[in-house]
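Listed below, chain by chain, are the residues.
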Amino acid sequence: MFEEELRAQLAQARNDLAAARADGDLDGVQASQGRISGLLRLAASHGIALEHTVEEERGEA
């Protein structure tokens, strides 16, 4: 259940990032990048492997 929720939240954060980029919303881009990075750290701390890029891990996606 926890892993499913993390995956759903990561998918939503990626969608939010794409929308912010499309809208030219720099604050939204930055917030979404931070959210993605935070979710990846949370998953890793619980031993959950989620596919991601190095940029996402760094908060630079």
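For the structure itself, consult the block above.
Quick caveat: nothing in here was measured; it's all calculated off a predicted structure.

1. Some words on the overall build of the protein
Move 1: Of regular secondary structure, the protein possesses three helices and zero strands.
Move 2: The secondary structure elements of the protein, listed N-terminal to C-terminal, are α-α-α.
Move 3: For 61 residues, the compact-globule estimate of 2.2 N^0.38 gives 10 Å, and the C-alpha radius of gyration of the protein, at 11 Å, lies within 12% of that figure.
Move 4: Seen along its three principal axes, the alpha-carbon backbone of the protein occupies a region of about 35 × 20 × 15 Å.
Move 5: Burial analysis of the protein (61 residues in total) assigns 31% to the buried set.
Move 6: Within the protein, counting contacts between residues at least 6 apart in sequence, those at least 24 apart form 53% of the total.
Move 7: Total accessible area on the protein stands at roughly 4,100 Å², and carbon and sulfur atoms take up 50% of it.
Move 8: Between the centroid of the 6 positive side chains of the protein and the centroid of its 12 negative side chains there is a distance of 4 Å.

Criteria and cut-off values
Residues numbered from 1 in each chain as written. Predicted model: local features only at pLDDT ≥ 70, side-chain atom pairs only at ≥ 80, totals over all residues. Heavy atoms only, no water. Helix = DSSP H or I, 4+ residues; strand = E, 2+ residues; numbered from the N terminus. Rg over C-alpha atoms; globule rule 2.2 N^0.38 Å. Buried < 20%, exposed > 50% of the residue type's maximum accessible area, 1.4 Å probe, protein only. Contact = heavy atoms within 4.5 Å. Areas by Shrake-Rupley, 256 points an atom, 1.4 Å probe, with all protein chains shown as cover. Lys, Arg positive; Asp, Glu negative; His and termini not counted. Charge placed at Lys NZ, Arg CZ, Asp CG, Glu CD.

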